[in-house]
Amino acid sequence: MTMNLTRLLQTALCAMVLLCTSAFAQTFKMPCEVEGVIPAMDDLKIKPQKVVIEIQSMGKNIFLKMNGPEPYVLIANSLATEEFTGKNLTTAKEMGAFRKHKVTGAESEIRIEQATVIVTAFTDTTYMGKKVRVNITGPCSVPR
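Source: prediction; values computed, not measured.

**Examining the overall build of the protein chain**
Check the secondary structure of the protein chain and you find one helix and nine strands. When the elements of the protein chain are put in sequence order from the N terminus, they spell out α-β-β-β-β-β-β-β-β-β. Residues counted as buried form 35% of the 144 residues belonging to the protein chain. Nonlocal contacts in the protein chain, meaning residues at least 24 apart in sequence, comprise 41% of its contacts between residues at least 6 apart. Summed over all atoms, the accessible surface of the protein chain reaches about 8,600 Å², with 58% contributed by carbon and sulfur.

This is the structure:
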């Protein structure tokens, strides 16, 4: 049964990648339940929340956006602009993107593991007046 579920999730993620590569830049939405931790503040845990990850692909670029309450809002993509550098982190085992602000140095990254459909992400943000990195992780589900 577990093998069938894993196979189903792998097939769904592959289908998602194919759908995202169309010329119309369709957005695939994946719900996740995530929890954040701030290592610089003695591993302060942030209240778990439900978020939605939007996945989009245009040409060679991948766009990932985590939508939820603060601090669970972040964007990562492979597009390079005047303000940001980006990197596509997608491999055979995971989908991901990284973004860095050229002036402030603030970074964000989102990775989704294919086999387990678990998201790992981080973002540099200001929390309680201090610049910190928030590490985010949690399981996602592929919509049926």
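**Structural notes on the state of the cysteines**
Under the definition given, this model contains one disulfide. Across a sulfur-sulfur distance of 2.0 Å, C32 and C140 are joined as a disulfide pair. Across the S-S bond of C32 and C140 the torsion is about 100°, and the bridge reads as right-handed. Taken together, the residues span a long stretch of sequence, with C32 in strand β1 (residues 28-38) and C140 in the segment after β9 (130-139) at a distance of 108 residues. Take C32 and C140: they sit in the same class, and that class is buried.

**Thoughts on the sheet that holds strand β6 (residues 94-101)**
The nine strands lie next to each other as β4-β3-β2-β1-β9-β8-β7-β6-β5, forming an open sheet whose pairing is antiparallel. Looking at the sheet topology across the chains shown, the edges are occupied by β4 (74-77) and β5 (84-88). Each neighbouring strand pair of the sheet contributes to a mean axis angle of 20°, computed without reference to strand direction. Looking at chain direction, strand β2 (residues 44-58) and strand β3 (residues 61-67) are connected through seven bridges and run antiparallel.

**Remarks on the pattern of salt bridges**
Per the counting criterion, the structure on display carries five salt bridges. The salt bridge involving E107 is made with K100; its shortest N-O contact spans 3.9 Å. With a relative accessible area of 18%, E107 lands in the buried category. Since its relative accessible area comes to 33%, K100 is described here as partly exposed. One salt bridge in this structure joins R111 and E109, with 2.8 Å as the shortest N-O distance. On the accessibility criterion, R111 (23% relative accessible area) is partly exposed. Residues participating in the shared-partner salt-bridge network are K100, E107, D124 and R133.

The rules behind each value
- Residue indices follow the written sequence of each chain, beginning from 1 at its first position.
- Reporting of local features is limited, given that this is a predicted model, to residues whose pLDDT is at least 70; pairs of side-chain atoms are given and counted only at 80 or more, and all residues count toward the totals for whole chains, interfaces and linings.
- As a rule here, side-chain values cover all heavy atoms of the structure and leave hydrogens and water aside.
- Helical segments are the DSSP runs of H or I of at least four residues, strand segments are the runs of E of at least two, and each set is numbered from the N terminus.
- When a residue's accessible area, from a 1.4 Å probe over protein chains only, is under 20% of the maximum for its type it is buried; when over 50% it is exposed; and in between it is partly exposed.
- Residues count as neighbours in contact if any of their non-hydrogen atoms are within 4.5 Å of one another.
- Note on areas: these come from Shrake-Rupley sampling with a 1.4 Å probe, and a residue is covered only by the protein chains present in the view.
- Two cysteine sulfur atoms form a disulfide, by the criterion used here, when they sit within 2.5 Å.
- Between any two strands, at least two bridges found by DSSP are needed for them to pair.
- In this analysis, axes come from line fits to C-alpha atoms, helices being fitted only over the stretch in contact, and the angle between any two N-to-C directions falls in the range 0 to 180 degrees.
- Each salt bridge in this description consists of a side-chain nitrogen of Lys or Arg and a carboxyl oxygen of Asp or Glu lying within 4 Å of one another.

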